[in-house]
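# Examining the three-dimensional arrangement
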Amino acid sequence: MANNDISDNSNVVQSNEVLVTEQTTSKPTTVPIFIMGKRYRVPSTLTILKALEFAGYRLLRGVGCRAGFCGACATVYKTPDSYKLKVGLACQTVVEPEMWVTELPFFPAVKKTYDIEKIPATAEAVMAIYPEIARCVACNSCTRVCPQDLEVMDIIQETLHGNLKKAAELSFDCVMCGLCASRCPAEIIHYNVAILVRRLYNRHLVPNSTELAVRIEELAENKYQNEVDRLKELDEEQLRKIYSVRPREGSPGIELKTNRIYWDDEIMKGNVK
Ligand code: SF4
Ligand code: SF4
Ligand code: FES
């Protein structure tokens, strides 16, 4: 993140002054927080991410989706009630009074390159690329720090035991924030290991989809060209309507006929609600 010239920023608390904002005209709703050691007062309802921006920081890194998915906003902080380092995603964590906070938008990690076609889905293959996983001492620090509440230590242990399916499943919700790597005494970069495991699992262990193969063949034969042409003639409103109410597999009230996109007509006629 970049400090957006906060030298003359009025949100910086100069003394015990309470910042008066539109929301604080009737009663004080601001809290003091420390951003990289400097004290600010910010509205108490803000997330850490918005508090940083409120305080005048312009975020060039350490922000992405603002919705808890991209993992760009890993944050560490402490509060007066505990000596423990706390963690969270800045876009999802609300400020606390007197918290000391800094973002950790990236934790250094060497990303290995490999050809997924040439690597077998085995523990040995993963260890050949990331040998440090054998140094795991099962301290569980990685699990305790994960903002996604993943069993991070188990991801590593299942990988070491060759159970890549389990490791892939356990790591499915990883947002690659890097907080686990920042705490690991074995210096493992868990999210890079996990993404390799998921790639191996999906490339070599999950059976190929027969439906997908059939569909690709049909597309190559232009089987759906008429439907595609028809969709291209619709205006934006019609397309939005079709998209928002389209039936999914198992939707009640309409039969999805094999290999035929016909339900847009039904929707436009008002037969599908
Ligand atoms: S496993 Fe690590 S990188 Fe993934 S979400 Fe948890 S702490 Fe972040
Ligand atoms: S923090 Fe590192 S050493 Fe500790 S359990 Fe997790 S992977 Fe193993
Ligand atoms: S900005 Fe994407 S997870 Fe916070």
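All figures in this text were calculated on a predicted structure; none of them were measured in a lab.

Helix and strand content of the chain: 11 helices and seven strands. Across the 273 residues that make up the chain, the buried fraction comes to 25%. Long-range contacts, defined as pairs at least 24 residues apart, comprise 60% of the intrachain contacts of the chain with a sequence gap of at least 6.

What follows concerns the site of ligand 2. The environment of ligand 2 is formed by 15 residues, the closest being Cys136, Cys139, Cys142, Met153 and Cys184. Elements with a minimum of two residues in the shell around ligand 2: helix H3 (141–145) and helix H4 (152–160). Broken down by element, the residue count for the shell around ligand 2 peaks at three residues, all from H4. Of the residues in the shell around ligand 2, the class split is 12 nonpolar, two polar and one charged.

Now for the site of ligand 1. Around ligand 1, the surrounding shell holds 15 residues, and the nearest of these are Cys146, Cys174, Cys177, Cys180 and Tyr191. For the shell around ligand 1, the elements supplying multiple residues, two or more each, are helix H6 (179–183) and helix H7 (190–205). The class makeup of the residues in the shell around ligand 1 is 11 nonpolar, four polar and no charged.

As summarised here, the arrangement of the five strands in space is S3-S2-S7-S5-S6, forming an open sheet in which the pairing is mixed. With one partner strand each, in any of the chains shown, strand S3 (38–43) and strand S6 (86–89) form the two edges of the open sheet. Across the sheet, the mean angle separating the axes of adjacent strands is 35° when strand polarity is ignored.

Burial in H4 covers these residues: Val152, Met153, Ile155, Ile156, Glu158 and Thr159. Where H4 is buried, its residues meet helix H2 (123–129), H3, helix H5 (164–170), H6 and H7. Downstream of H4 by a residue or two, Gly162 has a phi angle that is positive, lying close to 80°.

This part is about the confidence of the model for the chain. Summing up the model confidence of the chain, the mean pLDDT is 86 and the portion of residues at 70 or higher is 81%. Per-element averaging of pLDDT across the chain places strand S1 (residues 2–3) at the bottom with 40 and H4 at the top with 98. pLDDT under 50 marks residues 1–24. Its contacts with residues more than four places away, or in other chains, come to 41 contacts.

Attention now moves to the nonpolar core. Ranked by internal contacts, the top residues of the largest apolar core, which has 52 residues, are Ile33, Leu52, Cys73, Cys180, Val193 and Val197. When residues of this core are assigned to domains, at least three map to each of domain 1 (2–103) and domain 2 (116–205).

The subject of this paragraph is the packing of H4 against H7. Direction vectors running N to C along H4 and H7 enclose 50°, while the axes themselves pass 10 Å from each other. With respect to their mutual orientation, H4 and H7 come out oblique. Crossing hand, H4 versus H7: left-handed. Between H4 and H7, the contacting residues are Val152, Ile155, Ile156 and Thr159 on the first element and His190, Val193, Ala194 and Val197 on the second. Of the residues that constitute the contact of H4 with H7, the class distribution is six nonpolar, two polar and no charged.

On to unusual backbone geometry. Of note, Asp149 is a non-glycine position whose phi angle comes to about 55°, a positive value. Within the secondary structure layout, Asp149 lies in the loop between H3 and H4. The residue Asn222 is not glycine, and still its phi comes out positive at about 60°. When you line up the elements, Asn222 lands in the loop between helix H8 (210–220) and helix H9 (225–232). Exposure remark for Asn222: the 9 C-beta atoms within 10 Å place this residue in the exposed category.

Conventions we followed
- Residues numbered from 1 in each chain as written.
- Chains lettered and ligands numbered in written order.
- Predicted model: local features only at pLDDT ≥ 70, side-chain atom pairs only at ≥ 80, totals over all residues.
- Helix = DSSP H or I, 4+ residues; strand = E, 2+ residues; numbered from the N terminus.
- Buried ≥ 20, exposed ≤ 12 C-beta atoms within 10 Å, placed from the backbone.
- Contact = placed C-beta atoms within 7 Å.
- Near = placed C-beta within 6 Å.
- Nonpolar A, V, L, I, M, F, W, Y, C, P; charged D, E, K, R; others polar.
- Pairing = 2+ DSSP bridges.
- Axes fitted to C-alpha atoms, helices over the stretch in contact; angles between N-to-C directions.
- pLDDT = per-residue confidence, 0-100.
- Core = buried A, V, L, I, M, F, W, Y, C linked by C-beta atoms within 7 Å.
- Domains from an automatic or database assignment.
- Parallel < 35°, antiparallel > 145°, perpendicular 65-115°, else oblique.
- Left-handed = near helix turned anticlockwise from the far one by under 90°.

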